[in-house]
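# Per-entry structural report
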Amino acid sequence: MTDSRPLDRIDRRIVAILSQDARITNQDLARRVGLSPSSCLARVRALRQAGVVTGVHAAVEPGALGIGLEALVAVRLRQHTREAVEEFQRFAAGLREVRQIFHTTGEEDFLVHVACRDAHHLRQFSLDAFTTRPEVAQIHTALVFRHLWNPVPPDYLGEEE
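Residues numbered from 1 in each chain as written. Predicted model: local features only at pLDDT ≥ 70, side-chain atom pairs only at ≥ 80, totals over all residues. Heavy atoms only, no water.

## Re the layout of surface pockets
The calculated volume of the largest pocket comes to roughly 1600 Å³. Around the largest pocket sit 45 residues that line it, and S19, H57, W149, P151 and V152 are the ones nearest its centre. Mapped by element, the contributors of at least two residues to the lining of the largest pocket are α1 (9–20), β1 (69–77) and β2 (98–103). Sort the elements by how many residues they give to the lining of the largest pocket and α1 lands first, with eight residues. Counted by class, the lining of the largest pocket contains 24 nonpolar, 10 polar and 11 charged residues. By volume, the second largest pocket is sized at about 180 Å³. Along the walls of the second largest pocket sit L65, G66, I67, R96, E97, R99, A115, C116, R117 and H121, which together make up its complete lining. (1 Å grid on protein atoms, 1.4 Å probe; cavity = no way out; pocket = protein on both sides within 12 Å on 5 of 7 lines; lining within 4 Å. Points joined across faces, edges and corners; volume = space filled by probe spheres on them. Helix = DSSP H or I, 4+ residues; strand = E, 2+ residues; numbered from the N terminus. Nonpolar A, V, L, I, M, F, W, Y, C, P; charged D, E, K, R; others polar.)

Next comes the structure, spelled out in structure tokens:
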């Protein structure tokens, strides 16, 4: 959060509800958290302004867009320098196939979630995009059979109440 005000119980409840259903009406959200609609709207606006709520996204069936295969590509850099890390992140973030980038610890420096049409597309993409990069030493690819995702982050602050 960019302001110094910590999230209270109501803010955290708003975030949890919006994480599950970003299309909920302000009226329904207000009712569920026990606020007037105007107070609830002010809270949601404040959460957006503070950078707590950073966007609203639609969950889309990958196959509907021609995505037939997803994979996690583990990338090891030749050198783990700030310049190499930032350059690889910039490059990977600009690739159409890249869905998510995780900068990690351990033997591999990155896990890159990619979406491709099929196995041939994944092979071509891996060879053309990653192995040609001067900062990349090695890649390993794991196919994703199923991707489950919990849109609601755990609320560790609520444990204190």
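Further notes follow.
## Examining the nonpolar core
Membership of the largest hydrophobic core comes to 20 residues, with the highest contact counts inside it found for V75, L77, F88, V112, V114 and F130. Counting only elements with at least two residues in this core, the list comes to β1, α4 (82–93), β3 (110–116) and α5 (119–130). Setting aside anything within four residues of it in sequence, one finds V75 in contact with F88, E108, D109, F110, V112, V136, Q138 and I139. Of all hydrophobic cores here, the second largest spans 14 residues; its members include I10, L18, I24 and C40. (Core = buried A, V, L, I, M, F, W, Y, C linked by side-chain atoms within 4.5 Å. Buried < 20%, exposed > 50% of the residue type's maximum accessible area, 1.4 Å probe, protein only. Contact = heavy atoms within 4.5 Å.)

## Things to note about α1
Taking 1.5 Å of rise per residue, the 12 residues of α1 would be expected to cover 16 Å, and the 17 Å separating its terminal C-alpha atoms lies within 8% of that figure. Every buried residue of α1 is accounted for by I10, D11, R12, I14, V15, I17 and L18. Check the buried side of α1 and you find it contacts α2 (26–33) and α3 (37–49). Backbone nitrogen of I10 and a side-chain oxygen of the N-cap are separated by 3.1 Å at the start of α1; the cap is D8. (Expected span 1.5 Å × (residues − 1). Polar contact = N/O pair within 3.5 Å; in protein donor to acceptor, adjacent residues only side chain to side chain.)

## Some words on the packing of α1 against α2
In the contact formed by α1 and α2, the axes pass within 10 Å of each other and the chain directions differ by 135°. Judged by the angle between their axes, α1 and α2 are oblique. Here α1 and α2 pass one another in a crossing that is right-handed. Listed contacts from α2 to I10, R13, I14, I17, L18 and Q20 of α1 are L29, R32 and V33. A breakdown of the residues in the contact of α1 with α2 according to their chemical character gives six nonpolar, one polar and two charged. (Axes fitted to C-alpha atoms, helices over the stretch in contact; angles between N-to-C directions. Parallel < 35°, antiparallel > 145°, perpendicular 65-115°, else oblique. Left-handed = near helix turned anticlockwise from the far one by under 90°.)

## Examining the sheet that holds β3
What links the strands of a sheet is backbone hydrogen bonding, and the strands pair in either a parallel or an antiparallel sense. Taken in spatial order, the four strands make up an open sheet running β2-β3-β1-β4, and their pairing is antiparallel. This sheet does not close on itself; its edge strands, each paired only once, are β2 and β4 (136–144). The sheet shows a mean angle of 20° between the axes of neighbouring strands, taken without regard to direction. In this sheet, β3 lies alongside β1 in antiparallel orientation, the contact comprising seven bridges. From the neighbouring strand, A74 faces β3, where its bridge partner is L111. The sheet strands contacting α5 are β1, β2, β3 and β4, and the helix crosses β4 at an angle near 160°. (Pairing = 2+ DSSP bridges.)

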